[in-house]
Structures are given as C-alpha cells and as structure tokens.
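# An overview of the molecular structure
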Amino acid sequence: MTSYLGNFLLWLSLFFAISQFFISRKSNEQNKKFISISVYGLLISSVSSFFLLMYAYVVSDFSLVNVFQNSHTTKPLLYKISGVWGNHEGSMLLWILVLTIFNYFIFNLNNKNNYFFISKCLETQALITIGFILFTALTSNPFERTIFNQQDGLGFNPILQDPALAIHPPLLYVGYVGFSAAFSIGVAALKLSEDKKIPWHLYMKPFVMAAWSFLSIGIALGSIWAYYELGWGGWWFWDPVENASFMPWLLGTALLHSLIMVEKRMLLQNWVLLLSILAFLLSIIGTFLVRSGILTSVHTFALDPARGIYILVFAAILGSYSLYLFGTKSKKFVNSNYFAFFSKEGSILINNILMVVVCLTVFLGTIYPLLIEALTSNKISVGEPYYNSTAVPIILPAILIMGIGPILSWKKDDKLKTFKKILPVVVLSALTTIFIFLIYKSYSLIGIAGVFLGLWIIFNNIMILIKKLKNYSIGMVVAHLGIGLMILGITGSTVWQEEKIIKMKINDNIRVNKFNLVFNKISEVEGPNYVAIRGNFLVYDNKKNLITELNPENRFYPVTNNFTTEASIYTNLLGDLYSVLGEGNINSGWVLRIYYNPLVVWIWIGAFTIFLGGVVSLRNNLTKLKSLY
Amino acid sequence: MKKHILFFPSIFFILILLIFFYLLTIDRDPSKVPSALLNKNFPKFETESLLKEKKFVASKEFKDRIILVNFFASWCNPCRIEHDFIKRFSNNKKIKVIGINYKDNPKKANEWLKKLGNPYSNIALDKNGRIAIDWGVYGIPETFVVNSDGIIKYRHVGPINKKIYKKINKIINEN
C-alpha cells in the first residue's frame, strides 16, 4: 500500500515538474495560473512523498525494501526519522523535497516586471527537478516493495546514529540546492535580451548566501560527527566525500564575493555567471563521485554503475546546455569599468582567483587516483600530505588579503593611508602572537603563521567594528570573525596535537600534556540497542585536583553486528582530551589512545559564527530584494 | 575579449565528463585490491571441521578439483545476501565449495546453515581468525578460487552478486 502510494506521488511530482517545464517555456501572462498549479502541485506531491517515507520509517513498515534495509524496530525515534535520509534512496527524496521548496521560493518572486525572467528560472529549475525525480524513480526508488513479509529490519549503521549526523545531510542539501537556484538564475540571466534590464544579481545573491551559509554549517556538522563519532582523533580527512562538499563551498565563496562587485560596480558579470553555473555543476559532479561507486570512501552508499551513468548523462545535459549558453550569450555582459589593483575590487578578484585555484587543486587531488588508474591501471591514493603542501599554501595569502580587503575603498585606494590604518592591527597581532609563543614555548613556523593570520583577521574585524569604518556589512564582519576563530582552532589542533597509545592495567596512570589519567575501572554496560565495555579514567590536573572522568566505550550492536568505538572527550576552550578504548583484557591490560587537541572547539565556534554571519547577510540581501517590489 | 575564450569552460567540462565516462565503462572495481597471493600456492592449514568429527586438513581437502573457498560467518549480513550464489556454485559438479567459518560460534553457524541451507562440502573453523590472516582476508565475505594444482586464481572481497557470479564461472571454466 505504502509502496503504491509512494510511487504514485513520485510520478505525480514528475508530471507537475514536466508541466512546469513546458508551461514556463512559453512565458506569457495567461499561463501564470497554470505555472502556479504546477509549482504548488510539485511542492505538495513531493512534500507528501517525503513524509510518507518518514511515516513508513516511524511505524517500521517493512513492506518497503528501503525501510527493511535501513531500519529496525528497536531504533530510537530520532534515528528512525533521520534514517529516512541516512541512505541513498531516501536522501534523493530529500534532495527533491528541498529542490521543490526552493522552486516555490523562486516562483513567489514573480511580479509584472520580472515575469519573463522568473519563468526562465522556473524552466531550468523544472529541468533539474525532472532529472532528479527520474533518477530517483528509475534507479533509486525508495518505495520499492519487499517480496516477502519481513518481521524486522536489518538495522541502521550505528556510527550514523549521532545527532550531528542526523541534521548534517539536510543542511548540506539546502546548500547544494541553493546553488541550483543560483544556476537557474544565471541561466535565465544569460537568456535575457539586452533591452530587458533585470537586476539578476539581486535575485541570485540571497540564494547564494543561503546555500553558502547552510553548506558551511553542514560541512562543519559533518566534521563534528567525524571528530566525535569515528574516534580517529581528527576532524577532517580529505576524504572524497568531504571534498565533494568542500569544492562547491570554495566556488560559492568566490561567487559570493564577486556578486558584491556586480552589485556595487557591475563588474565581472560573466565571471559571476560562470561561477554560478560551475558551483552547481560541481555539486552534481560531487554527487556523481560519491554515489556512482567510482571512488571508495568512508561514506559507503550502495553502489550501482547504472546510477553513475545516469548522473553523468544528466550532468552532461545540464553542463553542455548552460556552458554553451554561456559561450554564446555572455559576451553582452562584458564591461570595461576598470579598477586599480590596490582596491577593494582588486582584493576580491585575488580572493576569487585563489579560491578557484584551491578548488582546482582539491579537484585534481580527488580525481588524480582515477586518472592514474585509467592511464596506468595502478592504484594510488592521494591524502593529507598532498593537500597540506598544495591547498594550504594557497589559502594562506587568501587569508592575508581577507584581513585587508574589507577596509580598502572601491576603485582605488591610497597605499600609505591604508598602511597607517592597518599598522595598529599588524602590531597588535604580532605582539599577541609573540606573547602566546613566549608562554607556550612551542615554536613551529606554520603554527606562528596560523596564529598570526587568525589574530590578523580577528583584530581587523574588531577594528572595523570599533572605528565604524565605511559602510561595512555586519554579516560580513561576523562571518570573517568566524573564519579568524576557525583558523586559530585549525592551527592549534593540527600543529600542537599530542598523541599517545599505551597499554594500561587498572590503576596505571599516564601523563598527557598537563593532565594525569588514572585507569579506575572497566565495566560492562547495556544501552538501548547495544552492549558495551566501558573504561573509566580519572583525569587530574597538575595540582592533583580531579577535573573530570573519561568513559570511552567499545560498543557492540547485535542487530547489525557492528562494533564501534565511542570516544570520550573532555572539551574546554583551551583544548580537548580525547580518549579511545582499544582491545584488551583484564590480564594484559587495555589499549588506550589519548589525544590532546588544542583549541579544537574554536573550529566549531568559528563555523557557527560564520553561519550566523551568513544568516545576517541573508536578511540584508532579502531586504534589498524586497525593495524591488 | 576574444569570444572563443568563453567556450573554454564547456570544453574543459566535456573533457572531465569523458574521463568519468571512460572510467565507468571499463570493467573496474574500486574496492578491489589485487591479492599478493594470486597465482601462488594457497596457504596451508589444519583445524577443526564444523561438519565432521575428523580434523580439517587443507592439503587433503584441496585436491583434484577446483575449490571455491568462501569465508563466512553467521553474524555477517552480506554473507546472507550472497548465500544464494554460493548455493548455486554447490550445484556445479566441476568444483568443490569449502567454507571457512570466521570468528563465529559453531552452534550459531550450524543453526544458520540449517535455516538457509548448507552449500559447503566441508567447513573449516577459524575461531581466532588465524587462517584469515594467512589468506590476507580483511573483511568477510571473501571468496577465492583455487585451481586443482592448489594455485589461487581469483579473489573477491565482499558479497558475490550476479556480475561476480558470472565472472567466477568464467574463471572456473577456463581452469
């Protein structure tokens, strides 16, 4: 029953998407009513199909293969719900849901003056939606029926049972889909005839802002999950799936900044249009890399080459259509408003170039193993050392410029005046950096650079706030402050991480950084759907005061037959004590891995600050857009 | 600005797609790591048998015929998925299917086989995973084809599906 209804709703949404596509192609006012029916029909049918699947998960309806394979009656309710998008098929349904919600937002922007423009956006948006619905219905149908009656499900991978991971995919999809809106707007702008003056950048910016903010927080949550759940002591692994979200983020960052140029000075319009197209195409290519099984990664989605071919064909259609349009139509956007290198435009341009170069570097690193395999049939893997020695050195100058860019004037700025303006910040950052290093006495060139750059960004933005320099945007200041905090966190946790692996018996102790750990006891505990062995460690500081207890666990989930390690982490603003229990027994002792990760919590604080800044900017952009109506 | 510059992105994009397309169409499996044991003698072992009272001596079992060696356990879900294919192999008169029961409780393994059917002509017990280490197994299910001279000809990591089933049959027919 659920299966029939679900399939019906899926095909119904396809019908509405197709009708939206054809009606919006003929964009005259009489059709408005029909477009509206399609948009609402699409929204309602996709919302219903999504909640139908959610309902099937909540009531454990094992007549659906998807529920059977990914759920279990003993699973906590939160994870039954997040189980909907914790697998390939269900997550495609979420994609479609977010797509249709954004589609509805775009439709709501229409008025008399921009009707042609909006219907062109809706046409492209419908094309994208059709592609995704067909993909879901034909290759990844979440409403497929089980042949036999099933008593209970196969269960859900326990390492995915984590609150951060429950909301991580929806946030990422808002990001990706937001770029789809920017893509549609970009394509529509290319189709505009020259006599129609539509400020397309005002339409594009809120979508890019939303996409970028949500992508930022989505990536951060994924990273938080990896840190707390995987038990590897780190928070970023340059995994292909992480890269697949990081690359659109980099292009999104470039797009966001160059949109400011279009807004203020109508500069670089073709560049912005190209970025808006590429950001979304990269999101699709990322999906392809992850879901086709062409690469292996820690994120194992069910693999099926048919899916890969489908996404590739879809990407080829969208890509060749939009990029061909760009090739033929973007010439009219070239303009010759020149600017000096030492100016706000100059700094944004350099930022753009650097972001794109980083993106290309990451892209190359991600597909390099594939290239090598195709050419020589050797297997290689590209890891952290590659990215550290290529991407990081390009990011460093970008951060340097990021500090100064916002205080420069448009068109041209005076070098001497600027230097006087930033001198206090340079001195302050340098002094603070020296001060920090004198206290901690731990010298490392990359550490010094990182701390200085982090402080440089933070102090510059505080200066902008205090001196009320120019008509700054508060969202920008907040987001940049977030980046500054994040850089401090990243530097601290990578340069000064301490790691110890030791075999311990009861009452043994070990020293890590300024902490002293004592192995107190080990016991068996029983959770809602797992059994675990839990170690108990008492943590003392230098003065022998008990600070906290760490309880790392080794869990066994009987339903899925999974063993997982549950790290126990003591977090404070200066650093995390991170403990993971390994194998062992009473006689020979237990293996314990302990990390001291300085400042790691600032990465998350920074990420949330960035998100906050993005949301504030989003509000301003929406106000600007509203002024058109 | 010269107009053809504006077409660069599309050319670049098409090139990348072509590479991906090529990689998808050639027969490759990203999770496949070539085994160091390929074309070498199988690692010998002696252990208890799950089915018989007599000791399992590999050198006596692996003789005269092509052997399909399948590492499995009752706790392993993917093993259940591939079980139908293992059963199909057991109908093939040219080969002998040997199971290696990996880190399992013999009682549970017996129940499991009773429920799903037993395709194995004999099963070696690998209680502590020692045999699996010698064979370079890093995750079960894993399947090896050993020819009648005791040489390992093929190894597959993960559950057997239709494609792999056909491939293994081809290898069996070649040997």
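Residues numbered from 1 in each chain as written. Chains lettered and ligands numbered in written order. Predicted model: local features only at pLDDT ≥ 70, side-chain atom pairs only at ≥ 80, totals over all residues. Heavy atoms only, no water.

Turning to the nonpolar core, a few remarks are in order. Among the nonpolar cores identified, the biggest contains 179 residues, and F117(A), F132(A), M204(A), F280(A) and F20(B) are the most heavily contacted of them. Considering every element that reaches this core, the biggest residue donor is helix 8 (residues 200-230) of chain A, with 19 residues. Discounting chain neighbours no more than four positions away, the residues touching M204(A) are A182(A), I185(A), G186(A), L255(A), L259(A), V272(A), L273(A) and S276(A). Membership of the second largest hydrophobic core comes to 47 residues, among which are A73(B), I100(B), A124(B) and F144(B). (Core = buried A, V, L, I, M, F, W, Y, C linked by side-chain atoms within 4.5 Å. Buried < 20%, exposed > 50% of the residue type's maximum accessible area, 1.4 Å probe, protein only. Helix = DSSP H or I, 4+ residues; strand = E, 2+ residues; numbered from the N terminus. Contact = heavy atoms within 4.5 Å.)

So, on to the packing of aromatic side chains. Tallying each qualifying case throughout the model produces 49 aromatic pairs over all chains. An angle of 20° between the planes, with centres 4.6 Å apart, marks the rings of F519(A) and F537(A) as stacked. One end of the pair, F519(A), is in strand 3 (residues 515-526); the other, F537(A), is in strand 4 (residues 531-540), with 18 residues separating them in the sequence. Pair check on accessibility: F519(A) and F537(A) agree, each one buried. Their ring planes at 65° and their centres at 6.0 Å tell us that F71(B) and W135(B) sit as a pair that is edge-to-face. Taken as a pair, F71(B) in strand 3 (residues 66-72) and W135(B) in the loop between helix 5 (130-134) and strand 6 (142-146) lie far apart in primary sequence, 64 residues in all. The pair F71(B) / W135(B) is uniform in exposure class, with both members buried. Connected via pairs of aromatic rings, a cluster forms that spans W212(A), W236(A), W238(A), F246(A), W249(A), Y386(A) and Y387(A). For K44(B), the ring lying beneath its charged end belongs to F42(B), and the centroid distance is 4.8 Å. (Phe/Tyr/Trp six-rings, centres within 6.5 Å; stacked < 30°, edge-to-face > 60°. Lys NZ or Arg CZ within 6 Å of the ring centre and 35° of its normal.)

Moving on, we get to the pattern of salt bridges. Residues and elements named next belong to chain A. Going through the model one piece at a time under the given rule, you end up with 14 salt bridges over all chains. Measuring nitrogen to oxygen at the nearest pair gives 3.1 Å for the salt bridge that ties E89 to R307. Highlighted residues: E89 in helix 5 (residues 88-108) and R307 in helix 11 (residues 305-329), separated in sequence by 218 residues. You'll find E89 and R307 in the same group, each marked buried. Among the salt bridges present, the one from E123 reaches K191, with a minimum N-O distance of 3.4 Å. Placement of the pair is E123 in helix 6 (residues 115-139) and K191 in helix 7 (residues 163-191), with a sequence separation of 68 residues. (Salt bridge = Lys/Arg side-chain N within 4 Å of Asp/Glu carboxyl O.)

Moving on to the interface of chain B and chain A. Across the boundary between the two partners, chain B contributes 24 residues, which contact 37 residues of chain A. For the pair chain B and chain A, the summed buried area comes to about 2700 Å², and 77% of that belongs to carbon and sulfur atoms. Where chain B meets chain A, there are zero salt bridges. Residue contributions to the side of chain B that touches chain A peak at twelve residues, all from helix 1 (residues 8-25) of chain B. A breakdown of the residues in the side of chain B that touches chain A according to their chemical character gives 17 nonpolar, three polar and four charged. (Buried area = accessible area lost by both parts, 1.4 Å probe. Nonpolar A, V, L, I, M, F, W, Y, C, P; charged D, E, K, R; others polar.)

Before going further, it helps to examine the environment of G365(A). Residue and element names in this part refer to chain A. Take G365: it is sitting in helix 12 (residues 344-376). Overall, G365 belongs to the buried group, its relative accessible area being 3%. The sequence separation of G365 and E384 amounts to 19 residues, and the corresponding C-alpha distance is 9.8 Å. Residue contacts for G365: discarding those within four places in its chain leaves V382, Y386 and Y387.

Turning to the sheet that holds strand 8 (residues 568-571) of chain A, a few remarks are in order. Sheet strands line up and pair through hydrogen bonds in the backbone, either parallel or antiparallel. All names here are of chain A. In space, the four strands of this open sheet follow the order 1-10-9-8, with antiparallel pairing throughout. Each having just a single partner strand, strand 1 (498-504) and strand 8 make up the two edges of the open sheet. Strand-to-strand twist of the sheet, defined as the mean angle between neighbouring strand axes without regard to direction, takes the value 15°. By the bridge criterion, four bridges tie strand 8 to strand 9 (residues 575-585) in an arrangement that is antiparallel. Its bridge partner being in strand 9, T571 is matched across the sheet by D576. (Pairing = 2+ DSSP bridges. Axes fitted to C-alpha atoms, helices over the stretch in contact; angles between N-to-C directions.)

With that out of the way, let us pick up the environment of D149(B). Residues and elements named next belong to chain B. In this structure, D149 sits in the loop between strand 6 and strand 7 (152-157). Given the relative accessible area of 60%, D149 is considered exposed. Separated by 107 residues in the primary sequence, D149 and F42 have C-alpha atoms spaced 9.6 Å apart.

For the rest of this paragraph, the subject is a nonpolar patch on the surface. On the surface, a cluster of nonpolar side chains totalling about 710 Å² of accessible area is made up of F419(A), L423(A), V427(A), L431(A), I434(A), L438(A) and Y443(A). A relative accessible area of 47% places F419(A) in the partly exposed class. (Patch = residues over 30% accessible without salt bridge, like charges linked within 9 Å, V, L, I, M, F, W, Y side chains within 5 Å. Areas by Shrake-Rupley, 256 points an atom, 1.4 Å probe, with all protein chains shown as cover.)

This next bit is on the domain arrangement of chain A. The figure often quoted for interface size is the accessible area lost as the parts come together. Residues and elements named next belong to chain A. One can read the domain layout of chain A as domain 1 (1-161), domain 2 (180-411) and domain 3 (498-601). Relative placement of domain 1 and domain 2: their C-alpha centres are 26 Å apart. With 33 residues of domain 1 at the interface, the matching set in domain 2 holds 28 residues. A buried area of about 2700 Å², summed over both sides, lies between domain 1 and domain 2, and 73% of it is on carbon and sulfur atoms. Along the contact surface separating domain 1 from domain 2 lie two salt bridges. Seen at the junction of domain 1 and domain 2, the total is ten residue pairs in polar contact (both at pLDDT 80 or more). Going through the elements one at a time, helix 5 and helix 6 are the ones with two or more residues in the side of domain 1 that touches domain 2. For the side of domain 1 that touches domain 2, the element with the most residues is helix 6, which contributes 15 residues. A per-class count over the side of domain 1 that touches domain 2 returns 19 nonpolar, eleven polar and three charged. (Domains from an automatic or database assignment. Polar contact = N/O pair within 3.5 Å; in protein donor to acceptor, adjacent residues only side chain to side chain.)

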